Amino acid sequence: MDKFVPDALKVRQLVNKATQDDETPTPGYLYNELAKFTQSANSCPEVEDLLLSRCEKKSSHVRLKALRVIKMLCERGSPSFKRDMQRKTNAIRSCLQFQGPVHPTLGDLPNRAVRDAAQEAMNAVFDTEVQQKPAESSISAQGFGMNNSSQSSQQQGVSSSGGAMVQNGKYTGYGNPNYTQQQSNSKMDERMEAMKAGASKLKDSFSEKMGVLSKKISDKVDEIRRDGQSSGSGGLYQGASSNSNPFGK
């Protein structure tokens, strides 16, 4: 039945789930689902408008979650999402000065978390740093000209005594050519067998370490869940004290 639901309704449902008015952190899969919708020219504006409208809600929980989603989509979503957000920053800017009601147990921490998240979202929206690979054209151009011609002249040549070729400072063309080839093949086979044995040992060691790591991760996730359930903040502001940065940085 889900495939018959219009994309606009799906987007609205995802945004509402990702920015629920509670202290439960936004599940990771919702970030990924929203990032996929930003790839659609029809759905991307819908995602933008819904998230910006959530940034204008009174609840600090809703604002904080919406700002974190915006930051993530600027980093992982479609480039058009980031470009459009650069022209729609009023709602995000308003969160820079956000001052909501004082939390009964966390004090002003939720309000500061919103302000910090707004600054991080603004940084992500206007982040113009692009990792560019060195131009390969200039590198490939070095393959032409005097360097290669001189190298060729050094590697190849014909002797005047009988047509023997000079390659890398050695004469070739005399004797039994199969002898060197057979010897080379034998050494290659030995190396291949050694590589196979090493790969087998490495695979066994890797599998064992991955098993141990998987168990540690599972135990850590269970611990986090237990801590989140026992804490009054539900995990949204977990790890942040009244005198520390809410993001732990």
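The model shown is predicted, which means the values in this text are computed figures rather than measured ones.

Caption draft 1: Structural context of the overall build of the chain. What the chain contains, in helices and strands, is 10 helices and 2 strands. Of the contacts formed within the chain by residues at least 6 apart in sequence, a portion of 67% connects residues at least 24 apart. Accessible surface computed for the chain: about 17,200 Å², of which carbon and sulfur atoms make up 51%.

Caption draft 2: Summary view of the nonpolar core. In terms of nonpolar packing, the biggest core is built from 41 residues, with Leu51, Leu67, Ile70, Leu73, Phe81 and Ile92 touching the most fellow members. Of all the secondary structure elements, the ones that give two or more residues to this core are α1 (7–18), α2 (28–37), α3 (44–54), α4 (60–76), α5 (79–85), α6 (90–95) and α7 (109–125). The greatest single-element share of this core, amounting to 9 residues, is contributed by α7. Once residues lying within four places of it in the same chain are set aside, the contact partners of Ile92 are Leu52, Leu67, Ile70, Met85, Ala118, Ala121, Met122 and Val125.

Caption draft 3: Region of the structure containing the side chain of Thr19. Relative to the helices and strands, Thr19 is located in the loop between α1 and α2. For Thr19, the side chain forms a polar contact with the side chain of Arg54, separated by 2.8 Å. Setting aside residues up to four positions removed in sequence, Thr19 forms contacts with Leu51, Arg54, Val62, Lys65 and Ala66.

Caption draft 4: Fine view of α1. With 12 residues, α1 extends 16 Å between its outermost C-alpha atoms, agreeing within 8% with the 16 Å of an ideal straight helix rising 1.5 Å per residue. Regarding α1, the residues found buried are Lys10, Val11, Leu14, Val15 and Ala18. The arc that holds the buried residues of α1, viewed along the axis, is 130°, so those residues lie on one side.

Caption draft 5: Local environment of the side chain of Lys65. Topologically, Lys65 is positioned in helix α4. The contact partners of Lys65, leaving out residues within four places of it in the chain, are Ala18, Thr19, Gln20, Asp22, Thr24, Thr26 and Leu236.

Caption draft 6: Up close: the confidence of the model for the chain. A residue-level look at the chain finds 65% of positions with pLDDT of 70 or above and a mean pLDDT of 76. In the model, residues 130–164 has pLDDT below 50 throughout and makes 18 contacts with residues more than four positions away in sequence or in other chains. For residues 228–233, every residue scores under 50 in pLDDT, and the model assigns this stretch 6 contacts once sequence neighbours within four places are set aside.

Caption draft 7: View of a nonpolar patch on the surface. Together, Phe206, Met210, Leu213 and Ile217 line one region of the surface with nonpolar side chains, adding up to about 390 Å² of accessible area. Mapped onto the secondary structure, Leu213 falls in helix α10 (residues 177–230). Taking relative accessible area as the criterion, Leu213 reaches 42% and is therefore assigned partly exposed.

Caption draft 8: Seen up close, α2. Looking at α2, one finds that the buried residues are Leu30, Tyr31, Leu34, Ala35 and Phe37. The buried residues of α2 all sit within an arc of 155° when viewed along its axis, so they share a single face. Where α2 is buried, its residues touch α1, α3 and α4.

Caption draft 9: Region of the structure containing the environment of Leu9. Its location among the elements puts Leu9 in helix α1. Residues Leu9 and Glu46 lie 37 residues apart in sequence; the distance between their C-alpha atoms is 9.8 Å.

Caption draft 10: Broad picture of the pattern of salt bridges. This structure, assessed with the given rule, holds 8 salt bridges. A salt bridge links Lys88 to Glu48, with the shortest nitrogen-to-oxygen separation between them at 2.9 Å. With Lys88 in the loop between α5 and α6 and Glu48 in helix α3, this pair connects stretches of sequence that are 40 residues apart. Taking relative accessible area as the criterion, Lys88 reaches 29% and is therefore assigned partly exposed. For Glu48, a relative accessible area of 1% translates into the label buried. Ionic pairing is found between Asp49 and Lys88, a salt bridge with its closest N-O pair at 3.5 Å. Note that Asp49 is positioned in helix α3 and Lys88 in the loop between α5 and α6, a separation of 39 residues in sequence. Through salt bridges that share partners, Glu48, Asp49 and Lys88 make up one connected network.

Rules used throughout
Residues numbered from 1 in each chain as written. Predicted model: local features only at pLDDT ≥ 70, side-chain atom pairs only at ≥ 80, totals over all residues. Heavy atoms only, no water. Helix = DSSP H or I, 4+ residues; strand = E, 2+ residues; numbered from the N terminus. Contact = heavy atoms within 4.5 Å. Areas by Shrake-Rupley, 256 points an atom, 1.4 Å probe, with all protein chains shown as cover. Core = buried A, V, L, I, M, F, W, Y, C linked by side-chain atoms within 4.5 Å. Buried < 20%, exposed > 50% of the residue type's maximum accessible area, 1.4 Å probe, protein only. Polar contact = N/O pair within 3.5 Å; in protein donor to acceptor, adjacent residues only side chain to side chain. Expected span 1.5 Å × (residues − 1). Arc of directions from axis to C-beta. pLDDT = per-residue confidence, 0-100. Patch = residues over 30% accessible without salt bridge, like charges linked within 9 Å, V, L, I, M, F, W, Y side chains within 5 Å. Salt bridge = Lys/Arg side-chain N within 4 Å of Asp/Glu carboxyl O.

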